[in-house]
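Residue-level listing of the chains:
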Amino acid sequence: MKATTKKSKNEGKNNSRKPSVRESKSTPAKRVRPLAPKQFVDIIEHMNDGVVVLDKDWHYVYVNQKATIMLQRQKPSDLIGRHIWTEYPEGVGQPFQLAYEKAMREQIPIVFEDHYEPWDLWFENRIYPSPEGLLILFTEISDRKRIESLLNERQYFLQKILDTEPGTVYIYDLEERRNVYVNRFWLLAFGYTEEETQAMGNQLLNQIIHPDDLTRVLEHHEIWRQASNDDLREIDYRVQTKTGEWRWLHSREVPFARDEVGNVKQILGITHDITVRKQVEKALRESEEKFSKVFYASPIPLSINRASDGRYVEVNGSFLERSGFQREEVIGHTAQEMGVWVNPAEREKMRRILREQGSLRDFEGQFRTKSGRVGTALLFREIIELAGEKHFIGTSLDITERKRMEEALRESEKRYQLISTVASDYMFSTQLDADGRLTLNWVTGAFESITGYTLEEYVAHGGWRSTLHPDDLAIDDRDLENLRANKPVISEVRTFTKDGKLVWVRVYAQPVLDVESKKLTGIYGAVQDITDRKRAEEGLRQLNEELEGRIAARTEELAAAMIRAQESDRLKSAFLATMSHELRTPLNSIIGFTGVILRGLAGPLNDEQNIQLGMIRDSAHHLLALINDVLDISKIEAGQLEIIKRPFNMRQAIESVLRIVQPLADKKNLQLGTIIGTNIDTITNDRRRVEQVLINLVNNAIKFTERGEVSIECQIRDGWLETSVRDSGIGIKPEDVDRLFKPFQQIDTGLARSHDGTGLGLAICKRLVTLMGGEITVESQWGIGSTFKFTLPI
């Protein structure tokens, strides 16, 4: 913090003007009176930072008002002259004490942020040492940490939105010609990893865009450079997946960032897969081409007439051949003008049917060719729409030579009708009437035996929907929507017969769409009575339910016993968790005050007192470790331990662990080594639990190593964060490895029993790592050393 003095109004104006060379040379330097000590104190008292000064014996010699409040005292005199660790014994062993001692010991300034667990607050500390003591400036940053956490959570939330968007979200740099961001959908849909995408660099488009589309895409990017902020542009192109498949994409893009001269530098886009749509469009084009080929190459006479005036707009070669007219004699004329109709009454009847029904089927009429020959034809007409105007497409089948075969045809029809009547199902046909409603055209087969109605009675009653069970109307609505979308349907519904009997039927329906409008113009289908089958299925279902009931009854006692056992286990874990928590608080005070006495802060001790108090402190530490382990294992078993995942720097977490365990290694003259990969940075997980696992593993390694070293290695392998703790200790026998991670078990090797411990540490490590989404393993060689490794998702 810089000390500033208030400038006068004139002084401020003079400072805004640069003095001339002459003024600089002639004006003598102004003498500035240094600030008095009282002024420094006033400044410090008004600082937003807490400021304390400790002498080299750790006594407070100065505390400003802000520090007094943050240290939870009424006035500075409550602390002046008092020993810091006597006033705050719960801080003994905390990172703050370690940092203060390191700064004093090494005479180096230290700046760090850490969480003060006894108060559940975050502080930023700036420590400035001198041979006489420490100047400490500290600021509570809990609100800032909460804001950072909230920002991280929002960033995480935004990332989840982007990852769940059902399309590729990307940011493309027009200058670098590469994607600087793609969401998770790109990786899932196209198979490229993020590393592979970035590795393509400015060759991205050349490698994934279809060669036929590349120039168009590059031109599209070039015109983006001068776009305005409101521009939204779209483009279709093909992209190759990692497996070699070509996909059609539709991109919608907007400006995202501009360069220093205002040109668009980056664009933000969202793409959706339109491969199916493109395939449908291609199929439609092919269908139209096929229709055109069929129309002109068909051996059946085909014609297209305007519905408004009946004039011919197109005919095929077979029509001209059969009628004997030339093309110019037909196009633009009506059949009446050409004298085609032999009987005008038949023409009027055909026009009336077309007006009422919108189509014509099997209409028999007599016609006259250009040469005057009279024959009989069957006429068919359907409505199509061309250029927004209704037309009739029609065929005419010359049946003159077939009239003599009518009797044989009638006999054949009788036989067909007989077969249809005795069949177990019936077929039907519907079409849209003038009001857009589906009406029943005809039925065959067992219609009357299934429904009890004649066709006329059925139509008069209201048709299909009027006989459906009310609960099945929604199924019919769904089927109709599928048919409108040109999808055939198969469904099973309940319908009432004429006498009120409820029967199950299976319906097979096929849509018929208008060629031009693609709208539903009719339905063909069949209906089958499946009542007997449904009854059999219901009987089977009841039998299954009866069997399930018997099984449930047989297992009821076992389930009740399991519930009682689980409840007993849960109550045990909850009791241990509660008792452990109540025991920790007085133990922390015992450890803190014992440490203060051992340091001689309360007066000198003789050798025996030092030994006895040391035993008390060590026993308290051992008991506290046991209670902490019991508390953790109880919380885990009771389902009360919560994993709080937030982004944190793994490298900093390892350094924090090293600061804590270094004194233990120094006490045994062991080397602590680290190998941390250059790409180790931020991961998202529970930092407190990650550090707890790492501290436990390193403590174990130091405990069972008498000479050599303990090393920590952290690398990213195969998309996972892998952390190993390796030691040159006594190792583990192969037959004992399976017992390592079981609670309340220690390996009784003689050597191992000479080390204290609860037998819970590794069990807690394994369960914490599992809760955090990873796994822990061990490799050991008896007499040589062990390596414990745990992996976590990045």
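Quick caveat: nothing in here was measured; it's all calculated off a predicted structure. Along each chain, residue indices are assigned from 1 in the same order as the chain's sequence is written. A pLDDT threshold of at least 70 governs which residues receive local features in this predicted model, and a stricter bar of 80 or more applies before side-chain atom pairs are shown or counted, although totals over entire chains, interfaces and linings include all residues. Where side-chain values are given, they derive from all heavy atoms of the structure, hydrogens and water being excluded.

### Examining a nonpolar patch on the surface
Here, patches come from residues exposed beyond 30% relative accessible area and free of salt bridges, joined within 9 Å for like charges and within 5 Å for nonpolar side chains (Val, Leu, Ile, Met, Phe, Trp, Tyr). Each accessible area is a Shrake-Rupley estimate made with a 1.4 Å probe; only the visible protein chains count as cover when residues are assessed. We count a salt bridge whenever a side-chain nitrogen from Lys or Arg sits within 4 Å of a carboxyl oxygen from Asp or Glu. On the surface, Val111, Tyr128 and Leu135 cluster together into a nonpolar patch covering about 260 Å² of accessible area. Tracing the chain through its elements places Leu135 in strand S5 (residues 133-140). With a 1.4 Å probe rolled over the protein chains alone, any residue whose accessible area is under 20% of its type maximum counts as buried; one over 50% counts as exposed, and the rest are partly exposed. Exposure remark for Leu135: the relative accessible area of 33% places this residue in the partly exposed category. Helix and strand definitions follow DSSP, with helices as H or I runs of at least four residues and strands as E runs of at least two, each counted in order from the N terminus.

### Digging into the packing of aromatic side chains
Two aromatic rings from Phe, Tyr or Trp, using only the six-membered ring of Trp, form a pair when their centres are within 6.5 Å; if the ring planes differ by under 30 degrees the pair is stacked, by over 60 it is edge-to-face, and anything between is tilted. Overall, the coordinates contain 15 aromatic pairs when judged by the stated rule. Taking 6.5 Å as the distance between ring centres and 50° as the angle between the ring planes, the aromatic pair formed by Trp442 and Tyr524 counts as tilted. Residue Trp442 is found in strand S17 (residues 438-443), and its partner Tyr524 is found in strand S20 (residues 520-529); the two are separated by 82 residues along the sequence. Take Trp442: its relative accessible area is 37%, and that puts it in the partly exposed class. Chaining the aromatic ring pairs together yields one cluster made of Tyr88, Phe96, Phe112, Tyr116, Trp119, Phe123 and Phe138. One Lys or Arg, Arg247, reaches over the ring of Phe190 and ends 5.9 Å from the middle of that ring. Definition used: whenever NZ (Lys) or CZ (Arg) falls within 6 Å of the ring centre and also within 35 degrees of the ring normal, the charge is taken to sit over that ring.

### Structural notes on unusual backbone geometry
Look at Gln107: it is not a glycine, yet its phi comes out positive at around 55°. By secondary structure assignment, the location of Gln107 is in the loop between helix H6 (95-106) and strand S3 (110-116). Given the relative accessible area of 35%, Gln107 is considered partly exposed. Despite not being glycine, Asn486 shows a phi value in the positive range, around 65°. The topology assignment puts Asn486 in the loop between helix H21 (473-484) and strand S18 (489-496).

### Examining the pairing of strand S10 (residues 264-273)
Looking along a regular strand, one sees side chains alternate from face to face of the sheet. Any two strands with at least two DSSP-identified bridges between them are counted as paired. Note: strand S6 (residues 168-173) against S10, six bridges, orientation antiparallel. Along S10, the bridge assignment pairs Tyr170 with Gly269. As defined by bridge partners, strand S9 (residues 246-258) adjoins S10 across nine bridges and the pair is classed as antiparallel. Looking across to S10, one finds that Ser251 is bridged to Thr271. Counting the residues in the hairpin turn of S9 and S10 gives five residues, including Gly262, whose phi is positive at 95°.

### Considerations on the sheet that holds strand S13 (residues 359-368)
Judged by pairing direction, the sheet is antiparallel, and its five strands sit side by side in the order S12-S11-S15-S14-S13 without closing on themselves. At either end of the open sheet lies a strand with only one pairing partner, and these are strand S12 (312-315) and S13. Averaged over all neighbouring strand pairs, the angle between strand axes comes to 30°, with direction disregarded. Bridge count between strand S11 (residues 302-306) and strand S15 (residues 389-398): five bridges; the pairing is antiparallel. Counted as the bridge partner of Asn305 is Phe392 from S15. Here helix H16 (residues 344-357) sits on the sheet in contact with S13, strand S14 (374-386) and S15, set at roughly 165° to S13. Only the stretch in contact is used when a helix axis is fitted, and all axes are lines through C-alpha atoms; the angle between N-to-C directions ranges over 0 to 180 degrees. Residues count as neighbours in contact if any of their non-hydrogen atoms are within 4.5 Å of one another.

### Observations regarding the pairing of S13
The pairing of S13 with S14 spans eight bridges and is classified as antiparallel. Residue pairing across strands places Phe363 opposite Leu379, the latter belonging to S14. In textbook terms, the turn of a hairpin is the stretch between consecutive antiparallel strands, and for S13 and S14 this stretch comprises five residues, one of which, Gly372, has a positive phi near 100°.

### Section: the pattern of salt bridges
A full pass over the atoms with the stated rule returns 52 salt bridges. Here Lys75 makes a salt bridge to Asp78, at a shortest N to O gap of 3.2 Å. Among the residues examined, Lys75 registers a relative accessible area of 43% and is labelled partly exposed. One salt bridge connects Glu176 with Arg178, and the closest N-O pair in it is separated by 2.7 Å. Here the salt bridges do not stand alone but share partners, grouping Glu492, Arg506, Arg533, Lys534 and Glu537 into one network.

### Some details on empty space enclosed by the protein
In this analysis a 1.4 Å probe is tested at points of a 1 Å grid over the protein atoms alone, and where it fits but cannot get out there is a cavity; an open set with protein on both sides within 12 Å along at least five of seven lines is a pocket; lining residues have an atom within 4 Å of a point. Grid points are joined across faces, edges and corners, and a volume is the space filled by probe spheres set on the points. According to the stated counting rule, one finds three cavities of 30 Å³ or more in the structure shown. Reported here for the largest cavity is a volume of approximately 260 Å³. Among the secondary structure elements, those contributing two or more residues to the lining of the largest cavity are strand S1 (50-55), helix H5 (84-87), H6, strand S4 (121-130) and S5. Classification used: nonpolar for Ala, Val, Leu, Ile, Met, Phe, Trp, Tyr, Cys and Pro, charged for Asp, Glu, Lys and Arg, polar for all others including Gly. Among the residues making up the lining of the largest cavity, the classes are represented as 14 nonpolar, two polar and no charged. Of the pockets and cavities examined, the second largest cavity occupies roughly 210 Å³. Mapped by element, the contributors of at least two residues to the lining of the second largest cavity are S6, strand S7 (178-182), helix H10 (204-208), helix H11 (211-223), strand S8 (233-240) and S9. Here the lining of the second largest cavity is built from residues that sort into 13 nonpolar, five polar and one charged.

### Regarding the sheet that holds S8
The strand order across the open sheet formed by five strands is S7-S6-S10-S9-S8, and the pairing between neighbours is antiparallel. Of all strands in the sheet, those bounded by a partner on one side alone are S7 and S8. Averaged over all pairs of adjacent strands, the angle between strand axes in this sheet comes to 35°, irrespective of strand direction. Across eight bridges, the pairing between S8 and S9 is antiparallel. What sits directly across from Glu234, in S9, is Arg252.

### With respect to the nonpolar core
Residues grouped as a nonpolar core are buried Ala, Val, Leu, Ile, Met, Phe, Trp, Tyr and Cys residues, joined through side-chain atoms within 4.5 Å. By size, the foremost hydrophobic cluster in this structure holds 45 residues, and its most contacted members are Met650, Val693, Leu694, Leu697, Val698, Phe788 and Phe790. Counting only elements with at least two residues in this core, the list comes to helix H23 (607-637), helix H24 (650-667), helix H25 (687-703), strand S24 (709-717), strand S25 (720-727), helix H26 (761-771), strand S26 (775-781) and strand S27 (785-793). At eight residues, H25 tops the list of elements feeding residues into this core. With near-sequence residues (within four places) excluded, Leu697 lies in contact with Val725, Leu762, Cys765, Ile776, Phe788 and Phe790. Listed in part, the 27 residues of the second largest apolar core include Val52, Leu71, Leu79 and Trp119.

The values are spatial; any link to function lies outside them.
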